[in-house]
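# A look at the structure
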Amino acid sequence: MAAEAVPPIAPIAPKGLDAQGCIEREGSLGLIPHPFRPVVAATRDRVLDLFGPRLHSAYLYGSIPRGTARVGRSDLDLLLALRDEPTDADREGVRELGEALDKEFPEIDGVGTLIYGRDLLLSDLERHDMGWFVACLCTPLLGDDLAEYLPRYRPDSLLARETNGDLAVLLPRWRERIGAADSDKTRTRLVRFMSRHLVRTAFTLVMPRWNGWTSDLAEMAEVFAAYYPERADQLRTAAALGHAPTADPAVLRTFADDLGPWLAAEYARVHGVKTR
């Protein structure tokens, strides 16, 4: 009788969990590097000016509140929760706000803003997607923290499915964006976005087996590599491109036509497809 196959051991010890095995919240206002504090202060004031009492809460996420941002190369990531559902005018307002901040503060390279209604973020449908995102990956900047109304989260298959189990749906849109990209700047930003998305999806594919959490792209790629060595080099390359992207169209084609479809199919096999 053949011996049962033993799963590979990740070279990086699992981390990012508390004593109860739940994902610890990332980031802190106290970790914001000094060069980024003026843009964060300006963002706080302008978000209040833009939405006033309609704003329920605002959050930072990404490298700035984690303390790992690089001057002139990192973007400013925001999530805004309104007391009602955002309108097209609200989305245009945050787009213009982001453009203004990007022009005024050379310390950042772009602004990305997510905007939702409070009720949607607390809904059952978003409990293990945007709800988890707010509770574990977002740092409160303004207002009443929605994490107080959300559960604790474990790095299990349910969380994996609901956070990144929609890659197959996204890939046709990615191909449209690639086809419409008409400048090196646009292609570079697409490479950065898609690289990060693919690495995070690959990591959450194996997250329940690893039983830990990290937001470091290089660590994510190494954890994944221990379980899928045949795709390890692709993930390591994607992790590097997430920090230092290129405008090479061949990279985008590989993401959309090779790595992306494989990852979407494997994700569906292991965790299923995200609830809609």
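Okay, so let's go over this structure. (Residues numbered from 1 in each chain as written. Predicted model: local features only at pLDDT ≥ 70, side-chain atom pairs only at ≥ 80, totals over all residues. Heavy atoms only, no water.)

In this section: the environment of R154. Among the structural elements, R154 can be located in the loop between β4 (138-143) and α6 (157-164). Among the residues examined, R154 registers a relative accessible area of 43% and is labelled partly exposed. Counting along the chain gives 57 residues from R154 to N211, while the straight-line C-alpha distance between them is 8.4 Å. In this structure R154 touches Q20, G21, C22, I23 and L159, once residues within four positions along its chain are discounted. In terms of polar contacts, R154 uses its side chain to reach the backbone carbonyl oxygen of Q20, at 2.5 Å. (Helix = DSSP H or I, 4+ residues; strand = E, 2+ residues; numbered from the N terminus. Buried < 20%, exposed > 50% of the residue type's maximum accessible area, 1.4 Å probe, protein only. Contact = heavy atoms within 4.5 Å. Polar contact = N/O pair within 3.5 Å; in protein donor to acceptor, adjacent residues only side chain to side chain.)

A few words now on the side chain of R231. On the secondary structure map, R231 appears in the loop between α9 (217-227) and α10 (232-243). Residue classification places R231 among the buried positions, given a relative accessible area of 14%. When near neighbours in sequence (up to four residues on either side) are disregarded, R231 contacts F224, D258, L259 and W262.

What follows covers the pattern of salt bridges. Applying the stated rule across the entire model yields 26 salt bridges. One salt bridge in this structure joins R66 and E26, with 3.8 Å as the shortest N-O distance. Of this pair, R66 sits in helix α2 (residues 63-66) while E26 sits in the segment before α1 (37-51), and the two are 40 residues apart along the sequence. Members of the salt-bridge network, linked through shared partners, are D102, D109, R189 and R192. (Salt bridge = Lys/Arg side-chain N within 4 Å of Asp/Glu carboxyl O.)

What follows deals with the side chain of T201. Following the sequence through the fold, T201 ends up in helix α8 (residues 184-210). A relative accessible area of 0% means that T201 is categorised as buried. When near neighbours in sequence (up to four residues on either side) are disregarded, T201 contacts N164, L167, L263 and Y267.

This paragraph deals with helix α5 (residues 130-137). Burial of α5 is extensive: 8 of the 8 residues sit out of reach of the surface. Considered for burial, the residues of α5 that qualify are M130, G131, W132, F133, V134, A135, C136 and L137.

If you check the backbone angles, N211 has positive phi at about 60° while not being a glycine. Using a relative accessible area of 42% as the deciding quantity, one classes N211 as partly exposed.

What follows covers the sheet that holds strand β1 (residues 55-61). Sheet architecture is open: 4 strands sit in the order β3-β2-β1-β4, paired in mixed fashion. Lying at the two open borders of the sheet, with one neighbouring strand each, are β3 (111-117) and β4. Sheet twist, expressed as the mean angle between neighbouring strand axes with direction ignored, is 25°. Two elements, β1 and β4, share 5 bridges in a ladder whose sense is antiparallel. Along β4, the bridge assignment pairs A58 with L142. (Pairing = 2+ DSSP bridges. Axes fitted to C-alpha atoms, helices over the stretch in contact; angles between N-to-C directions.)

This part covers the packing of α10 against helix α11 (residues 249-271). If you want to describe how two helices pack, look at the angle between their axes and the distance between the axes. Two elements in contact, α10 and α11, have axes whose closest approach is 12 Å; the angle formed by their N-to-C orientations is 135°. With respect to each other, α10 and α11 are oriented oblique. Note on packing geometry: the crossing formed by α10 with α11 is left-handed. Contact with α10, carried on its side by Q234, L235, A238 and L241, involves V251, T254, F255, D258 and L259 of α11 and no other residues of that element. Looking at the contact of α10 with α11, its residues break down into 6 nonpolar, 2 polar and 1 charged. (Parallel < 35°, antiparallel > 145°, perpendicular 65-115°, else oblique. Left-handed = near helix turned anticlockwise from the far one by under 90°. Nonpolar A, V, L, I, M, F, W, Y, C, P; charged D, E, K, R; others polar.)

In this section: the packing of aromatic side chains. Counted according to the given criterion, the structure contains 8 aromatic pairs. Taken together, a centroid distance of 4.9 Å and an interplanar angle of 75° make the contact between Y61 and F133 edge-to-face. Of this pair, Y61 sits in strand β1 while F133 sits in helix α5, and the two are 72 residues apart along the sequence. Residue classification places F133 among the buried residues on the basis of a relative accessible area of 14%. With 5.7 Å between their ring centres and 75° between their planes, F203 and W210 make a pair best called edge-to-face. (Phe/Tyr/Trp six-rings, centres within 6.5 Å; stacked < 30°, edge-to-face > 60°.)

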